[in-house]
Each structure stands twice: as structure tokens, then as C-alpha cells.
Amino acid sequence: MSDSPNRAVSRRSFLTTTGAAGALALAGCTEGPSDGGGNEATEDGLSGEISITGSSTVYPVVQAVTERFRQEYPDVEFSLSRTGSGGGFSNQFCPGNSDFNNASRPITSEEEDLCAENGVEYHEVNIATDALTVIVNNDNDWVDCMTVEELAQAWRADGASNWSDINDDWPDEAINRFGAADTSGTFDYFNENVVGEDTEHTTEYQPTEEDETIVQGIRDNEGGIGYFGFAYYNSNSEAVKAVDVKVEDGDECSSPSLANAKDGSYPLARPLFLYVAESALQKEEVYEFIRFYLEQAETDVVQDIGYVPSSPAQRDENLEKLDEIAG
């Protein structure tokens, strides 16, 4: 398969266009003999419909891969929805209404039970690594690095109201928060790893599944702070400022970057996942797409978006497991 320039997807273009709509349909169809699975086969390859729900963090990756896949198989139709990891599991994937669910954290026990109740068996694939990024306004000249505890003070329910509540040297200015909605895997990850399991994430913030809304909120508020996947910072690095993170006082500050996420030195590095319903793998177009996806996960398409791609060894392991499940 060629990776010629005309087949490459512009990182900035598809990160920008994701804000235009919560769902994207890529359609194409032609008549031909049935493949026996309710889909129409064509001389050029496959046809059928594939539905993908879940994480807005993973969304740019799957959007890029679907565009590349349709260059090979233009008669396959995709429905992509940014529902958040939890929203996708609860409302679409586990009830049996989508073939795939993107997730920026692992499936929970409650979601596993819901899938089991509906007879949905699934396969989990670790597709990349993200450096979850904390951002502030470009005019914020008092914060370059924060400890995890300082971030927790800014985001927990009983925490700071003003920046000076966290550090006396910081201005007595209100903290304006913009972050992921509670249906988001990014929210779950941040709540567990930053806010802490024994405390609650504040409700005094603007929650959204639209990461572009977070950028706009931070850009328009000098006292703003937010968090999202590194890919969205990567495409908006001139509009907002990234904050370095350290675990506690005395530790070195670590900046959000692919290199630091890959070597584990960045405290907020996290895995990203794709879940596929095993029953959907019986459809030829789904099987071919997941194979294509796993092969792409080790290429520059993931890195160009702003995530650490899986290793060749991990890719081969994922493909081997896929073949075992598909039989």
C-alpha cells in the first residue's frame, strides 16, 4: 500500500473540521452480487456500512484512517460520532448499536456488565499513547509548570477558586475552567489520576465534547485552564500555552510531547484504545477495516496527528489476536 503525498491527510485540516459536526458520514455504493452477509460486493472491493462511536481524543485518528481506507474501498460507508468514551459504551456500543468504540481509557466494570447483558463480546486494542495536555491562556505569565497536586487543587470540588489559592505568588484572579464532559474518557482519566479517587471533580467548569470549545474558552480568558489530548494542543499551539507537569515539588518538570509520552517521563501519558464487537468481525468490511486500522496504527498517520504510534511488535501482536478471534 502506497503512502504517496496525495493520499496523506492534513493533520490541521481534519482536526479543524472535526469541530463542524459531531458526526461524519462517508458514503459510496454500487450494485453488484451479494457477498452473502447482506452487503454488496463490487469489482473494486467491499461495500457496506461501519459505525464508530466514542472518544473525541481518538476521533482524529479514526477519521484519518477511514479516509485512507476509502481510497482503497470507496463503496464502504462510515458513520463516525464523537460521543465520549463513556457515552459511546453506554448508549451505542454495549447496547449493540455500533461496530467500534474509541476510548481514551479502558472499559469499566459497569460497561463490561452492560455489554454482557446485551450479549456484546468485544476485542480491545491499544492503538496509541497520548500525552494529556493542560493548557492556559497565552497571556498567563505566572504558570509554566504545575505539580499534580496543584492541578488537583484547581480541579477538585473543594479546591481553589482563585490562582492565588494555589500559590501565594500567583495573582488573585478567578480560575476559569474548561474541560471534558463527564461522558468523556479524558474526564475519567483526569479525575482518577489528577483529581484523585477520594475527591470529586469540580462541577464549576464548562464541560464539552468539543475540544475546539476548550481552545476558544482558554484563548478568551486570561485566567483560563483546561485539558485535552495532545493532538488538539498540537494543532492549536499558537492559540494556547501548554503547562509542564511534575509529580511533586522537587521533581523535574516534564513537557507534554511525543518523546516524553513514549519514554514514560511525562506524568499524564495514557494509552488510547479501540474496541470492536466480535460479532461485527463476521462482516467482511469490518474485518478488513480493523486490519487496515491496525496496520496504519504503526505508521506516521498517528504520529502526525500528535500521538505515539504502536510499535511494530505491538502491531503484529494485535493482528495475531485479531486473526484468532475472527477464526
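Because the structure is predicted, anything quoted here is derived from the model rather than measured.

1. Focus: the overall build of the chain
Here's step 1: Counting its secondary structure elements, the chain contains 12 helices and 13 strands.
Here's step 2: Of all intrachain contacts in the chain linking residues separated by at least 6 positions in sequence, the fraction that spans at least 24 positions is 74%.

2. Quick look at the pairing of strand E2 (residues 48-54)
Here's step 1: Of all 7 residues in E2, 6 are buried; the element is thus mostly enclosed.
Here's step 2: Strand direction decides the pairing type here: E2 and strand E3 (residues 76-81), joined by 5 bridges, are parallel. Bridged to Ile 52 within E3 is Leu 80.
Here's step 3: Remark: the E2/helix H2 (residues 59-72)/E3 crossover connection has right-handed handedness.

3. What about the packing of helix H5 (residues 148-155) against helix H6 (residues 185-195)?
Here's step 1: As a packed pair, H5 and H6 sit with axes 9 Å apart at the nearest point and diverge in direction by 120°. With respect to H6, the element H5 is oriented oblique. Residues Val 148, Leu 151, Ala 152 and Trp 155 of H5 pack against Phe 190, Asn 193, Val 194 and Val 195 of H6.

4. What about the packing of H2 against helix H10 (residues 284-296)?
Here's step 1: At a minimum axis separation of 10 Å, H2 and H10 run at an interaxial angle of 120°. Judged by the twist between their axes, the crossing of H2 over H10 is right-handed. Between H2 and H10, the contacting residues are Val 61, Val 62, Val 65, Thr 66, Arg 68, Phe 69 and Glu 72 on the first element and Glu 285, Glu 288, Phe 289, Phe 292, Tyr 293 and Gln 296 on the second.
Here's step 2: Residue classes in the contact of H2 with H10 are distributed as 7 nonpolar, 2 polar and 4 charged.

5. Describing the sheet that holds strand E8 (residues 176-180)
Here's step 1: As summarised here, the arrangement of the 6 strands in space is E7-E11-E6-E10-E8-E9, forming an open sheet in which the pairing is mixed. Looking at which strands have only one partner, the edges of the open sheet turn out to be strand E7 (145-147) and strand E9 (206-208). For this sheet, the mean inter-axis angle between neighbouring strands, taken without regard to orientation, is 30°.
Here's step 2: Sheet topology note: the E8/strand E10 (residues 224-228) ladder contains 3 bridges and is parallel. Looking across to E10, one finds that Phe 178 is bridged to Gly 226.

6. Some words on a negative patch on the surface
Here's step 1: Together, Glu 110, Glu 112, Asp 113, Glu 117 and Glu 124 make up a negatively charged patch on the protein surface.
Here's step 2: At 4 residues, helix H4 (residues 109-117) tops the list of elements feeding residues into the negative patch.
Here's step 3: Here Glu 110 shows up in helix H4.

7. Brief notes about the confidence of the model for the chain
Here's step 1: For the chain, mean pLDDT is 86; residues scoring 70 or higher make up 86% of the total.
Here's step 2: Segment residues 1-43 is flagged for pLDDT under 50; beyond a separation of four residues in sequence, or across chains, it makes 86 contacts in the model.

8. Some thoughts on the side chain of Thr 147
Here's step 1: In this fold, Thr 147 is placed in strand E7.
Here's step 2: When residues no more than four places from it in sequence are discounted, the contact partners of Thr 147 are Lys 246, Val 247, Glu 248 and Asp 249.

9. Things to note about the side chain of Ser 104
Here's step 1: With respect to the helices, strands and loops of the structure, Ser 104 is situated in the loop between strand E4 (100-103) and H4.
Here's step 2: Among the residues examined, Ser 104 registers a relative accessible area of 1% and is labelled buried.
Here's step 3: Other than its neighbours up to four places away in sequence, Ser 104 contacts Ser 55, Thr 57, Val 58, Ser 85, Gly 185, Thr 186, Arg 270, Pro 271 and Leu 272.

10. Comments concerning the nonpolar core
Here's step 1: Of all hydrophobic cores here, the largest spans 45 residues; its most connected members are Phe 100, Phe 289 and Tyr 293.
Here's step 2: Ignoring any residue separated from it by four or fewer positions in sequence, one finds Phe 100 in contact with Ile 50, Ser 51, Ile 52, Thr 53, Phe 93, Leu 274, Tyr 275, Val 276, Val 286, Phe 289 and Ile 290.

What counts and what doesn't
Residues numbered from 1 in each chain as written. Predicted model: local features only at pLDDT ≥ 70, side-chain atom pairs only at ≥ 80, totals over all residues. Heavy atoms only, no water. Helix = DSSP H or I, 4+ residues; strand = E, 2+ residues; numbered from the N terminus. Contact = heavy atoms within 4.5 Å. Buried < 20%, exposed > 50% of the residue type's maximum accessible area, 1.4 Å probe, protein only. Pairing = 2+ DSSP bridges. Right-handed = clockwise from strand over helix to strand, strands pointing away. Axes fitted to C-alpha atoms, helices over the stretch in contact; angles between N-to-C directions. Parallel < 35°, antiparallel > 145°, perpendicular 65-115°, else oblique. Left-handed = near helix turned anticlockwise from the far one by under 90°. Nonpolar A, V, L, I, M, F, W, Y, C, P; charged D, E, K, R; others polar. Patch = residues over 30% accessible without salt bridge, like charges linked within 9 Å, V, L, I, M, F, W, Y side chains within 5 Å. Areas by Shrake-Rupley, 256 points an atom, 1.4 Å probe, with all protein chains shown as cover. Salt bridge = Lys/Arg side-chain N within 4 Å of Asp/Glu carboxyl O. Lys, Arg positive; Asp, Glu negative; His and termini not counted. Charge placed at Lys NZ, Arg CZ, Asp CG, Glu CD. pLDDT = per-residue confidence, 0-100. Core = buried A, V, L, I, M, F, W, Y, C linked by side-chain atoms within 4.5 Å.

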